[in-house]
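# Descriptive analysis of the structure
Given next are the chains, with one letter for each unit.
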Amino acid sequence: NNSAGSIFNIIVNVTKPPLDKQEVRQALSYSLNREAMAQSAFFGVSTPITSPFFSPSSLCYREDLLMAHPFDLEKAASLLAEAGVSDLELTIVVTPAWPQMKLFSLIWQADLDSIGVKLTVSEVESAQFYDVGAVGDLQGNDLLAWLNGRTTRDPAIFWNTQYNYRGGDTNRYAYVNEELEQLVAQGAVETDEAARREIYQRINEIVVESCH
């Protein structure tokens, strides 16, 4: 969903193997049929995207990253095999406060089933949903549907408010990336726009590659 700078995404429990492996997270990204989800779960009014930075006006924007992970179940299965992962069972938590979450998760469930991955969709009321999101291990769950905003604001605002995209102590979900943190700090004090663009485009690349 790209309305008002907001995006629907999925928080991954990187503390829980095999989700700590980047290849596994990438496999899950390739298994998302974002175009079908945009049509069915969002009634065709949203744009399928891989990168959170969908607006060309953003300093983070890179056209080659916008849909860097197109729907490709064969690629997803190959990445899982390379990571030595089989018989994978996952749980995603959603809330009826955003019915789109359950709808796109059910589409995902069917596609994952075709490559031997079992996805259980757990719908909980809003208070419990936010309780799950409030702890680093998602209360033992694997995945949490989520909604982030401010993707069209200045990147310094995004990176200093949307902590699930960080790579240090401010990210309660335990994803660690020292380069990302260093670049966030550099971008916050850099005054040259071209230099800032280079910094934030590299951060965008890290986000897409790591699928955290």
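For the structure, see preceding data.
Residues numbered from 1 in each chain as written. Predicted model: local features only at pLDDT ≥ 70, side-chain atom pairs only at ≥ 80, totals over all residues. Heavy atoms only, no water.

In terms of regular secondary structure, the chain is built from nine helices and four strands. Written out in order from the N terminus, the α and β elements of the chain read β-α-α-α-α-β-α-β-α-β-α-α-α. For 212 residues, the compact-globule estimate of 2.2 N^0.38 gives 17 Å, and the chain sits close to it at 17 Å. Dimensions of the chain, computed from the C-alpha atoms along their principal axes, are close to 50 × 35 × 35 Å. Counting only residues that meet the buried cut, the chain has 50% of its 212 residues in that class. Counting contacts in the chain only where the partners sit at least 6 residues apart, residues at least 24 apart contribute 70% of the total. Counting every atom, the chain has about 9,700 Å² of accessible surface; 48% of that belongs to carbon and sulfur. Where the 15 positive side-chain charges of the chain centre and where its 28 negative ones centre are 4 Å apart. (Helix = DSSP H or I, 4+ residues; strand = E, 2+ residues; numbered from the N terminus. Rg over C-alpha atoms; globule rule 2.2 N^0.38 Å. Buried < 20%, exposed > 50% of the residue type's maximum accessible area, 1.4 Å probe, protein only. Contact = heavy atoms within 4.5 Å. Areas by Shrake-Rupley, 256 points an atom, 1.4 Å probe, with all protein chains shown as cover. Lys, Arg positive; Asp, Glu negative; His and termini not counted. Charge placed at Lys NZ, Arg CZ, Asp CG, Glu CD.)

This part is about unusual backbone geometry. The peptide bond linking Pro17 to Pro18 adopts the cis configuration, its omega dihedral lying at 5°. Within the secondary structure, Pro18 sits in the loop between β1 (7-12) and α1 (22-30). Here the phi dihedral of Leu138 falls at roughly 55°; this positive angle occurs in a residue that is not glycine. Its location among the elements puts Leu138 in the loop between α6 (126-133) and β4 (143-148). Residue classification places Leu138 among the buried residues on the basis of a relative accessible area of 0%. With a phi close to 65°, Arg150 is a non-glycine residue in the positive phi region. In this fold, Arg150 is placed in the loop between β4 and α7 (155-159). Taking relative accessible area as the criterion, Arg150 reaches 39% and is therefore assigned partly exposed.

Here the focus is the pattern of salt bridges. Here the structure, examined in full by the defined rule, presents 10 salt bridges. Two residues, Arg62 and Asp64, come together in a salt bridge whose shortest N-O distance is 2.7 Å. When the shortest N-O distance is used, the salt bridge between Arg202 and Glu209 registers 4.0 Å. Owing to a relative accessible area of 27%, Arg202 belongs among the partly exposed residues under this scheme. Beyond isolated ion pairs, a larger network of salt bridges with shared partners links Arg62, Asp64, Glu179, Arg202, Glu205 and Glu209. (Salt bridge = Lys/Arg side-chain N within 4 Å of Asp/Glu carboxyl O.)

Attention shifts here to the sheet that holds β4. In space, the four strands of this open sheet follow the order β1-β4-β2-β3, with mixed pairing throughout. Two strands lie at the open edges of the sheet, namely β1 and β3 (118-123), each paired on one side alone. Going across the sheet, the axis of each strand differs from the next one's by a mean of 30°, ignoring polarity. As paired strands, β1 and β4 are joined by six bridges and run antiparallel to one another. Opposite Val12, over in β4, you have Leu143 as the bridge partner. (Pairing = 2+ DSSP bridges. Axes fitted to C-alpha atoms, helices over the stretch in contact; angles between N-to-C directions.)

On to the packing of helix α8 (residues 178-189) against helix α9 (residues 193-210), then. Pairs of packed helices are described in terms of their axes, by the angle between the two and the distance that separates them. Taken N-terminus to C-terminus, the directions of α8 and α9 make an angle of 155°; their axes are 9 Å apart at the nearest point. In terms of orientation, α8 lies roughly antiparallel with respect to α9. Pair α8 / α9 crosses with left-handed handedness. Contacts from Glu179, Leu180, Leu183, Val184, Gln186, Gly187 and Ala188 of α8 reach α9 at Arg196, Ile199, Tyr200, Arg202, Ile203, Ile206 and Val207. Tallied by class, residues from the contact of α8 with α9 come to nine nonpolar, two polar and three charged. (Parallel < 35°, antiparallel > 145°, perpendicular 65-115°, else oblique. Left-handed = near helix turned anticlockwise from the far one by under 90°. Nonpolar A, V, L, I, M, F, W, Y, C, P; charged D, E, K, R; others polar.)

In this section: the environment of Arg34. Along the polypeptide, Arg34 turns up in helix α2 (residues 34-40). The exposure class assigned to Arg34 is buried, which follows from its relative accessible area of 13%. Those residues in contact with Arg34 that lie beyond four places of it in its chain are Ser29, Pro48, Ile49, Thr50, Met67 and His69. Here the side chain of Arg34 touches Ser29 through a polar contact of 2.9 Å, side chain to side chain. Here Ile49 takes part through its backbone oxygen, which lies 3.0 Å from a polar atom of the side chain of Arg34. (Polar contact = N/O pair within 3.5 Å; in protein donor to acceptor, adjacent residues only side chain to side chain.)

Everything listed here is a matter of geometry and, on its own, says nothing about what the molecule does.
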